[in-house]
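Residue-level listing of the chains:
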Amino acid sequence: MKEIFQEYGGVLITVVAILAVILVVTAVVGKDASSPIGNAFSTLINNFIAQANANTGLGK
C-alpha cells in the first residue's frame, strides 16, 4: 500500500480534487435549467433576445 501511494499519490490526489470540484459545481449550479442558476441564466438569455428583437423591430 505504501508503494502504491508513493508511486501514484500525486495522481490520486489530482483525481480526487477534480471529482470534488465537479461535485461542488454540480451541487451549486445544478444539472439543468430547473436549478436556480440555470433558471436565472435562461431568463437572462430570454430577456436579451426579447430586447434585441424589440430594438431591431423583429418582435412585431
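Everything below is about the structure printed above this text.
The structure presented is a predicted model; accordingly, all values stated were derived computationally and were not measured.

Undergrad: Whenever I open this one, the overall build of the protein chain confuses me. Can you help?
TA: What the protein chain contains, in helices and strands, is two helices and zero strands. Taking 60 residues into account, the globule formula puts the C-alpha radius of gyration at 10 Å, and the protein chain, at 22 Å, lies well above it. In terms of its C-alpha atoms, the protein chain occupies a principal-axis envelope of roughly 70 × 20 × 10 Å. By residue count, 5% of the 60 residues in the protein chain fall in the buried class. Total accessible area computed for the protein chain in this model is approximately 5400 Å², and 69% of it derives from carbon and sulfur atoms.

Undergrad: Just to check I follow, could you spell out helix 2 (residues 36-56) for this structure?
TA: Three or four residues apart is the spacing at which side chains of an α-helix point the same way, because the helix has 3.6 residues per turn. With 21 residues, helix 2 should reach 30 Å at 1.5 Å per residue; the first-to-last C-alpha distance of 30 Å fits that figure. Remark: Gly57 follows helix 2 within two positions and exhibits a positive phi of approximately 85°.

How each quantity is defined
- Residues numbered from 1 in each chain as written.
- Predicted model: local features only at pLDDT ≥ 70, side-chain atom pairs only at ≥ 80, totals over all residues.
- Heavy atoms only, no water.
- Helix = DSSP H or I, 4+ residues; strand = E, 2+ residues; numbered from the N terminus.
- Rg over C-alpha atoms; globule rule 2.2 N^0.38 Å.
- Buried < 20%, exposed > 50% of the residue type's maximum accessible area, 1.4 Å probe, protein only.
- Areas by Shrake-Rupley, 256 points an atom, 1.4 Å probe, with all protein chains shown as cover.
- Expected span 1.5 Å × (residues − 1).

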